[in-house]
Amino acid sequence: TQLYEAALGLLAAGAALRVLGRGRRDGRAFLACLVCYGTGRFFIECLRADVDRGIYGGLSTAQHLSLAVCLGAAMLWRAPTAHRQGQVTRGGRQ
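Numbering of residues starts from 1 in each chain and follows the order in which that chain's sequence is written. Predicted model: local features are reported for residues with pLDDT of at least 70 only, side-chain atom pairs are reported and counted for 80 or more only, and whole-chain, interface and lining totals are derived from all residues. As a rule here, side-chain values cover all heavy atoms of the structure and leave hydrogens and water aside.

S.K.: Got a sec to walk through the packing of helix 1 (residues 2–21) against helix 2 (residues 28–47)? Specific residues and values, please.
M.R.: Contact pair helix 1 / helix 2: the axes reach a minimum separation of 8 Å and the direction vectors enclose 155 degrees. Classified by the angle between their axes, helix 1 and helix 2 sit roughly antiparallel to one another. Two packed elements cross with a definite hand, and for helix 1 against helix 2 that hand is right-handed. Residues Tyr4, Glu5, Leu8, Leu11, Ala12, Ala15, Ala16, Val19 and Leu20 of helix 1 touch helix 2, and the partners they reach there are Arg28, Ala29, Ala32, Cys33, Cys36, Tyr37, Gly40, Arg41, Ile44 and Leu47. Where helices are involved, their axes are fitted lines through C-alpha atoms of the stretch in contact, as for all axes, and angles between N-to-C directions lie from 0 to 180°. Counting from the N terminus, the helices are the DSSP runs of H or I reaching at least four residues and the strands are the DSSP runs of E reaching at least two. An angle below 35 degrees is read as roughly parallel, one above 145 as roughly antiparallel, one from 65 to 115 as roughly perpendicular, and any other as oblique. Crossing handedness is defined as follows: a turn of the near helix away from the far one that is anticlockwise and smaller than a right angle gives a left-handed crossing, while the clockwise case is right-handed. Whether two residues are in contact is decided by their heavy atoms: any pair within 4.5 Å suffices.

Below, the structure is given as structure tokens:
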């Protein structure tokens, strides 16, 4: 699973770079990286056969954390910010 993890890191970096390429500098690149990594980590955990990783409700601890990270990132992605609404100008003043 280490190779999958490395590929996931490259994919997450690519997702962040794609958002940055669109000119966004409002934290969405980081959120894209979080969502990509959290989603990938969730599925990579399905491939692992560790008995000691903890299973709660049919999901491992890492899968629960991945779901929480993805949900939090999705909520932040949709949350309005002052910068995106045009309330903050250069220098941070209204």
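S.K.: Which residues make up the pattern of salt bridges, and what values do they have?
M.R.: The salt bridge definition used is simple: a Lys or Arg side-chain nitrogen within 4 Å of an Asp or Glu carboxyl oxygen. Under the defined criterion, the tally for this structure stands at 4 salt bridges. Arginine 41 serves as the salt-bridge partner of glutamate 45, at 3.0 Å between the closest nitrogen and oxygen. Of this pair, glutamate 45 and arginine 41 are both found in helix 2, 4 residues apart, which corresponds to roughly one turn of the helix. Like arginine 41, glutamate 45 is buried. Glutamate 45 is the salt-bridge partner of arginine 48, the closest N and O atoms lying 3.3 Å from each other. Buried means the residue's accessible area, taken with a 1.4 Å probe over protein chains only, is under 20% of the maximum for its type, while exposed means over 50%, and partly exposed covers the values in between. Classification of glutamate 45 by relative accessible area gives buried; the value is 2%.

S.K.: Any chance you could break down the packing of aromatic side chains for me, citing the residues and the numbers?
M.R.: Any Phe, Tyr or Trp ring, taking Trp's six-membered ring, that has another such ring centre within 6.5 Å forms a pair; planes under 30 degrees apart are called stacked, those over 60 apart edge-to-face, and the others tilted. As enumerated under the stated definition, the model contains 1 aromatic pair in all. Ring centres of phenylalanine 42 and phenylalanine 43 lie 5.4 Å apart, and the angle between their planes is 85 degrees; this geometry places the pair in the edge-to-face category. Residue phenylalanine 42 is classed as buried on the basis of its relative accessible area of 18%. You can call phenylalanine 43 exposed: its relative accessible area is 52%.

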